[in-house]
Amino acid sequence: GPTDGAQHNAPLPDGTGKPGAELSPLQMARGVLRNNPSMEELQKALTLIPLNEENADAYFLLREQMAEMGDVESMYLLGIFYDPTSQTPHGSIEKDPEQSYTWYLRAKTGGWQSAESALSNLKTWLQQQAANGSDQAQTLLNNWE
C-alpha cells in the first residue's frame, strides 16, 4: 500500500528531484543496489558517498557489489575494510583477516599492484598473532598461498 516503508514520511525519490538530500548514505546505497545497477551507476553513486566513518557502511555496500561484478580496485578496498592493520574508516564492518586475505588475493590475481604489499603486511601481522598463540592466525598462515 501507500504507507509501505514510509517510516519518516520522507519523500521517496521519484527520479525527478535529487533523492540524495532526503536519504541517508545507507538508504541511498540500498536504493541503488535494489535496482540491479550497472557498474557505471555504482560508480556514480560512490561519488555521492565519500569514504568516512559516517558513510563507511554505505560505501562498503557499493564497493562490495562492484567487487562481485569484477572491479579489481573494489576487491582491494574490501581487503582494506576487513584488514585488522588498516586505519581506514570501516563503519560497522568487523575486522576479519580471513576475508581481508581473500579479497587482497583476488585483487592481486586481478592485477592490482598494491595488493602485493597489503598481503605482505597482513602476513606479518598474522605471524605476530600466531607467535602470541592465536590459532586462527596460525590456521590462516598454514593455508597461505
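Refer to the preceding data block for the structure.
Just so it is clear, the model here is predicted, and its values are computed rather than measured. (Residues numbered from 1 in each chain as written. Predicted model: local features only at pLDDT ≥ 70, side-chain atom pairs only at ≥ 80, totals over all residues. Heavy atoms only, no water.)

K.L.:
Sorry if this is basic, but what is going on with the environment of Ala 56 here?
P.N.:
Looking at where Ala 56 falls in the secondary structure, it is placed in helix H3 (residues 56-68). Judged by relative accessible area, which is 0%, Ala 56 ranks as buried. Separated by 32 residues in sequence, Ala 56 and Thr 88 have C-alpha atoms that sit 9.3 Å apart. Those residues in contact with Ala 56 that sit more than four places away from it in its chain are Leu 51, Phe 81, Pro 89, His 90 and Gly 91. (Helix = DSSP H or I, 4+ residues; strand = E, 2+ residues; numbered from the N terminus. Buried < 20%, exposed > 50% of the residue type's maximum accessible area, 1.4 Å probe, protein only. Contact = heavy atoms within 4.5 Å.)

K.L.:
Sorry, what's going on with the nonpolar core here?
P.N.:
Soluble globular proteins tend to pack their nonpolar side chains together in the buried interior. Among the nonpolar cores identified, the biggest contains 38 residues, and Ile 49, Leu 62, Tyr 76, Tyr 101, Tyr 104 and Leu 126 are the most heavily contacted of them. Sort the elements by how many residues they give to this core and helix H4 (residues 72-82) lands first, with 8 residues. Those residues in contact with Leu 62 that lie beyond four places of it in its chain are Ala 29, Val 32, Leu 33, Leu 42, Ala 45, Leu 46 and Ile 49. (Core = buried A, V, L, I, M, F, W, Y, C linked by side-chain atoms within 4.5 Å.)

K.L.:
Is there a simple way to think about helix H2 (residues 39-47) in this case?
P.N.:
It helps to recall that an α-helix has 3.6 residues per turn; residues three or four apart then point in one direction. Three or more residues of H2 are buried, namely Leu 42, Ala 45 and Leu 46. In an axial view of H2, the angular spread of the buried residues amounts to 105°, which keeps them on one side of the axis. Residues Glu 40, Lys 44 and Thr 47 are exposed on H2 and point more than 90 degrees away from its buried face. Where the residues of H2 are buried, they touch helix H1 (25-34) and H3. (Arc of directions from axis to C-beta.)

K.L.:
Is there a simple way to think about the packing of aromatic side chains in this case?
P.N.:
How two aromatic rings sit relative to each other is set out by the distance from centre to centre and by the angle between their planes. With the rule as written, the count across this model stands at 6 aromatic pairs. The interplanar angle of 35° and the centroid separation of 6.1 Å between the aromatic rings of Tyr 76 and Trp 112 together place this pair among those described as tilted. Residue Tyr 76 is located in helix H4, and its partner Trp 112 is located in the loop between helix H5 (97-109) and helix H6 (114-131); the two are separated by 36 residues in the primary sequence. The buried category is assigned to Tyr 76, whose relative accessible area is 16%. Aromatic side chains Tyr 101 and Trp 144 sit 4.4 Å apart centroid to centroid with 45° between the ring planes, which places their arrangement in the tilted category. With Tyr 101 in helix H5 and Trp 144 in the segment after helix H7 (135-142), this pair connects stretches of sequence that are 43 residues apart. (Phe/Tyr/Trp six-rings, centres within 6.5 Å; stacked < 30°, edge-to-face > 60°.)

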